[in-house]
Structures are given as C-alpha cells and as structure tokens.
Amino acid sequence: GDSVTQMEGPVTLSEEAFLTINCTYTATGYPSLFWYVQYPGEGLQLLLKATKADDKGSNKGFEATYRKETTSFHLEKGSVQVSDSAVYFCALSEEDTGRRALTFGSGTRLQVQP
Amino acid sequence: EPEVTQTPSHQVTQMGQEVILRCVPISNHLYFYWYRQILGQKVEFLVSFYNNEISEKSEIFDDQFSVERPDGSNFTLKIRSTKLEDSAMYFCASGRGGEQYFGPGTRLTVT
C-alpha cells in the first residue's frame, strides 16, 4: 500500500537558518504530493502541493519539488522564523486511481529559536 | 475566507456511549472526509463521502462508525459505542478537487 516516510524530529534551528525536512513516498500509481502544517492548538493547513514530476510547490517561502526518480518531496525554506515553529506533515493522494484519501507521514516538529 | 468548522472542540464521554461529532464543510465543496490522530501518532484516514454516499473507507471505519450529511450544510461522524482506544483528535476535511481543507478538530476523550 501507499506510505510516506518523514525524518524524525524535533528539528531545532536558529532564526534565519536553512530548513530541510525530508519526505519520501511509496505509491502504486502517480500520486499528488502535499505538505501540511499544524501550528500549536490548530488544525492542519495546506502549505503547498505538486501534482506531477518536477513540479515545484511553493508558499510563504517554503518550497518542495516532486522528484519521481527518487520518490521524494523534501520541504525547504531559506530562512526560518520563530513563527514557523509547528509540526509539518508530508502526504499523498492517488486521484488517478480514484483514491482521494490522504496518506500522511508521521510529522516533523520544527522548533525555531530566536 | 471560508473555513471548515467543527463542534464540539472537546468531548468527554464514557466507554460504551454514543457520540456524534459535527462538521460544517466549506459550502461549495463536494467531497467530505474524516480523519483521526491518536496522540503522538500519524493522522489516519477514516472515510470519505461524495454524492451522498461513502466513496472510500479505511479498515478503522468499522460498523461502530457511521457518517451522515443530514442537511445541506452539516457532516457528522457517529461512533455507536465508544471504546477507550477511540480517544483521539478527529478532523473533518472538505474539498472540490485534489486539495483538502481541514477543520480545527474535535478532541474526543473516552473514560
């Protein structure tokens, strides 16, 4: 079945540091890929997405590129802020096979220190 | 900006009781979902609903669970006889195409 693997956290960075959160996936079809963010006490918010190979999703300074050859969708940001502290979830769905349900990774907690 | 809302934010119930979790999806969305997150674990898919019927469900979604869209705006998840292991955060989501938008969740505590 489908699965998503994320690097374990917590990831602790100083403000303005470069962020990478690794995500790899296993899918039977051609999935769409997503990053969601969960701020403390809140629900999941869609951060960015990509639907085909080599697409780059971007939002709020975050980017991720759909790499089919390495089955990866790593999240990056050039300069993190304290307000980016949250849990980040990588996810996929397989609409091409009629499966819209999201399969999530285990989440990576990011802590940014001033 | 429209958003998904859920009520209550926290529900405490005794084992064996029935609970109904309520969601109001974004109004022009066509697909509706329930997910849950047991503390410290992954977010897991339960069920999706389209065109007034279940379109997908996971193995977690057994006979104890049911979903309903009783009117044009609400989407509910019923757990018939709660167990301790049903304690989790339950998230509702809605979407039109590939994207899903999540509500803030209902924390269910079964004692």
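What you see is a predicted model; the values in this text were computed from it and never measured. (Residues numbered from 1 in each chain as written. Chains lettered and ligands numbered in written order. Predicted model: local features only at pLDDT ≥ 70, side-chain atom pairs only at ≥ 80, totals over all residues. Heavy atoms only, no water.)

> Quick question: what am I supposed to make of the overall build of chain B here?
Helix and strand content of chain B: zero helices and 11 strands. The linear arrangement of helices and strands in chain B, starting from the amino end, is β-β-β-β-β-β-β-β-β-β-β. At 13 Å, chain B has a C-alpha radius of gyration in line with the 13 Å of a compact globule built from 111 residues. In terms of overall dimensions, chain B has a C-alpha envelope of 35 × 25 × 25 Å along the principal axes. Every one of the 111 residues in chain B was classed for burial, and the buried ones make up 44%. (Helix = DSSP H or I, 4+ residues; strand = E, 2+ residues; numbered from the N terminus. Rg over C-alpha atoms; globule rule 2.2 N^0.38 Å. Buried < 20%, exposed > 50% of the residue type's maximum accessible area, 1.4 Å probe, protein only.)

> Help me understand the interface of chain A and chain B in this model?
Every contact between the two is made by 19 residues of chain A and, on the other side, 18 residues of chain B. A combined buried area of about 1,500 Å² lies between chain A and chain B, and 54% of that area is made up of carbon and sulfur atoms. Area buried by chain A at its contact with chain B is led by Leu44, Arg100 and Phe104 of chain A, which between them contribute 37% of it. Run the count over chain A and chain B and you get two salt bridges. Between Arg99 of chain A and Glu56 of chain B there is a salt bridge, with the nearest N and O atoms lying 3.6 Å from each other. In this structure, the connection of chain A to chain B is made through seven residue pairs in polar contact (both at pLDDT 80 or more). Contributions of two or more residues to the side of chain A that touches chain B are made by strand 5 (32–38), strand 6 (44–50) and strand 11 (99–104) of chain A. Top contributing element to the side of chain A that touches chain B by residue count: strand 11 of chain A, with five residues. Its residues assigned to classes, the side of chain A that touches chain B shows nine nonpolar, five polar and five charged. (Contact = heavy atoms within 4.5 Å. Buried area = accessible area lost by both parts, 1.4 Å probe. Salt bridge = Lys/Arg side-chain N within 4 Å of Asp/Glu carboxyl O. Polar contact = N/O pair within 3.5 Å; in protein donor to acceptor, adjacent residues only side chain to side chain. Nonpolar A, V, L, I, M, F, W, Y, C, P; charged D, E, K, R; others polar.)

> Please explain the packing of aromatic side chains as it appears in this structure.
Both the distance between ring centres and the angle between the ring planes are used here to describe each pair of aromatic rings. Evaluated as defined, the whole model comprises 18 aromatic pairs over all chains. When the centroid spacing of 5.3 Å and the interplanar angle of 80° are considered together, the rings of Tyr36 of chain A and Phe102 of chain B count as edge-to-face. Of this pair, Tyr36 of chain A sits in strand 5 while Phe102 of chain B is found in strand 10 (residues 101–102), placing the two residues in two different chains. For the pair shown, Tyr36 of chain A and Phe102 of chain B are each scored as buried. Of the aromatic side chains, those joined through ring pairs into one cluster are Phe34, Tyr36, Phe89 and Phe104 of chain A together with Tyr33, Tyr35, Phe45, Phe91 and Phe102 of chain B. Note that Lys68 of chain A overlies the ring of Tyr30 of chain A, its terminal NZ or CZ placed 5.1 Å from the centroid. The ring of Tyr31 of chain B is capped by Arg100 of chain A, whose NZ or CZ atom sits 3.9 Å from the centre of that ring. (Phe/Tyr/Trp six-rings, centres within 6.5 Å; stacked < 30°, edge-to-face > 60°. Lys NZ or Arg CZ within 6 Å of the ring centre and 35° of its normal.)

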